Amino acid sequence: NAGVTQTPKFRILKIGQSMTLQCTQDMNHNYMYWYRQDPGMGLKLIYYSVGAGITDKGEVPNGYNVSRSTTEDFPLRLELAAPSQTSVYFCASSSTPYREGSGNTIYFGEGSWLTVV
Amino acid sequence: DAKTTQPPSMDCAEGRAANLPCNHSTISGNEYVYWYRQIHSQGPQYIIHGLKNNETNEMASLIITEDRKSSTLILPHATLRDTAVYYCIVRVEGYSTLTFGKGTMLLVSP
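It should be emphasised that the depicted structure is a prediction, and the values quoted were computed from it without experimental measurement.

Trainee: Explain the overall build of chain B residue by residue, including any values.
Mentor: Counting secondary structure elements, chain B contains zero helices and nine strands. Helices and strands appear in chain B in the N-to-C order β-β-β-β-β-β-β-β-β. For 110 residues, the compact-globule estimate of 2.2 N^0.38 gives 13 Å, and the C-alpha radius of gyration of chain B, at 13 Å, lies within 12% of that figure. Taken along the three principal axes of its C-alpha coordinates, chain B extends 40 × 30 × 25 Å. Residues classed as buried in chain B amount to 45% of the 110 residues present. In chain B, the share of contacts with a sequence separation of at least 24, taken over all contacts with a separation of at least 6, comes to 55%. Counting every atom, chain B has about 5500 Å² of accessible surface; 49% of that belongs to carbon and sulfur. Seen as two clouds, the 9 positive and the 10 negative side-chain charges of chain B have centres 2 Å apart.

What follows is the structure, given as structure tokens:
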């Protein structure tokens with residue numbers, strides 16, 4: 001069971017460089033998310049997607065872009081990296097919502113550690 | 001803004017029950033209470049969730065007050081591996097995003 005897979009696990013970027021964090025899930029989930037977690041803080045939602053071709057901004061979208069061309073993949077693009085983007089990034093997915101009387105759980109990848117210097 | 005309030009840290013002796021409180025006084029009728037935990041350097045892990053009835057699974061029990069304004073996660077026999085940050089989250093009806101606050105750092109000691 002692969003679940004949610006993120007790559008790379010670690011990356012160091014120079015200021016102004018660009019990169020893409022890859023995320024793929026094999027559970028056929030419609031919903032996918034990108035979070036960032038700064039040291040000692042909770043997770044903040046960057047972007048999310050409710051299905052292929054549909055994306056929406058979360059709490060902290062500035063400096064990032066996403067695309068969702070397939071159900072499985074949800075890459076996160078950093079353009080012109082800045083030191084403020086040094087963080088741990090988590091990709092997650094969940095099944096199609098909402099059925100009366102049930103909730104749904106969200107599954108996380110293992111995280112990508114990004115340092116911008 | 002997170003819709004829940006949790007103590008920043010708690011201690012528990014190994015083998016004893018860990019009771020982690022959470023206040024969610026503005027919860028609405030169709031919102032569920034979820035608990036996740038995050039062990040150092042790992043992604044968050046689902047523990048349990050509930051709407052209004054108490055719930056139990058192999059990991060923990062969830063006690064929700066009758067007015068649904070607060071809940072308690074119970075780890076019945078805490079082990080050292082339960083040391084983690086525990087997040088209490090209220091799920092917004094209609095879409096699946098979850099808002100994470102700072103959580104409670106639970107330290108289980110020998």
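That was the structure; now back to the text.
Trainee: Give me the lowdown on the sheet that holds strand 7 (residues 70–75) of chain B, citing residues and values where you can.
Mentor: Residues and elements named next belong to chain B. The four strands lie next to each other as 2-7-6-5, forming an open sheet whose pairing is antiparallel. Bordering the open sheet on either side are strand 2 (18–23) and strand 5 (55–56), each of which pairs with just one other strand. As defined by bridge partners, strand 6 (residues 61–64) adjoins strand 7 across four bridges and the pair is classed as antiparallel. Bridging from a neighbouring strand, L62 pairs with L73 of strand 7.

Trainee: Can you explain the packing of aromatic side chains? Please cite residues and give values.
Mentor: Within the structure shown, the criterion is met by 13 aromatic pairs over all chains. With centroids separated by 5.5 Å and ring planes inclined at 85°, the aromatic side chains of A:Y35 and B:F100 adopt a geometry described as edge-to-face. In this pair, A:Y35 sits in strand 4 (residues 31–37) while B:F100 sits in the loop between strand 8 (84–91) and strand 9 (104–109), so the two residues belong to two different chains. Classification of A:Y35 as buried rests on a relative accessible area of 0%. Residue classification places B:F100 among the buried positions, given a relative accessible area of 6%. Taking the centre distance of 5.7 Å and the plane angle of 80° together, the rings of A:F108 and B:F100 count as edge-to-face. Of the two residues, A:F108 sits in strand 10 (residues 106–108) while B:F100 sits in the loop between strand 8 and strand 9, which places them in two different chains. Joined through ring pairs, the aromatic side chains of A:Y33, A:Y35, A:F108, B:Y32, B:Y34, B:Y36, B:Y46, B:Y87 and B:F100 make up one cluster.

What counts, and where the lines are drawn
Residues numbered from 1 in each chain as written. Chains lettered and ligands numbered in written order. Predicted model: local features only at pLDDT ≥ 70, side-chain atom pairs only at ≥ 80, totals over all residues. Heavy atoms only, no water. Helix = DSSP H or I, 4+ residues; strand = E, 2+ residues; numbered from the N terminus. Rg over C-alpha atoms; globule rule 2.2 N^0.38 Å. Buried < 20%, exposed > 50% of the residue type's maximum accessible area, 1.4 Å probe, protein only. Contact = heavy atoms within 4.5 Å. Areas by Shrake-Rupley, 256 points an atom, 1.4 Å probe, with all protein chains shown as cover. Lys, Arg positive; Asp, Glu negative; His and termini not counted. Charge placed at Lys NZ, Arg CZ, Asp CG, Glu CD. Pairing = 2+ DSSP bridges. Phe/Tyr/Trp six-rings, centres within 6.5 Å; stacked < 30°, edge-to-face > 60°.

Everything listed here is a matter of geometry and, on its own, says nothing about what the molecule does.
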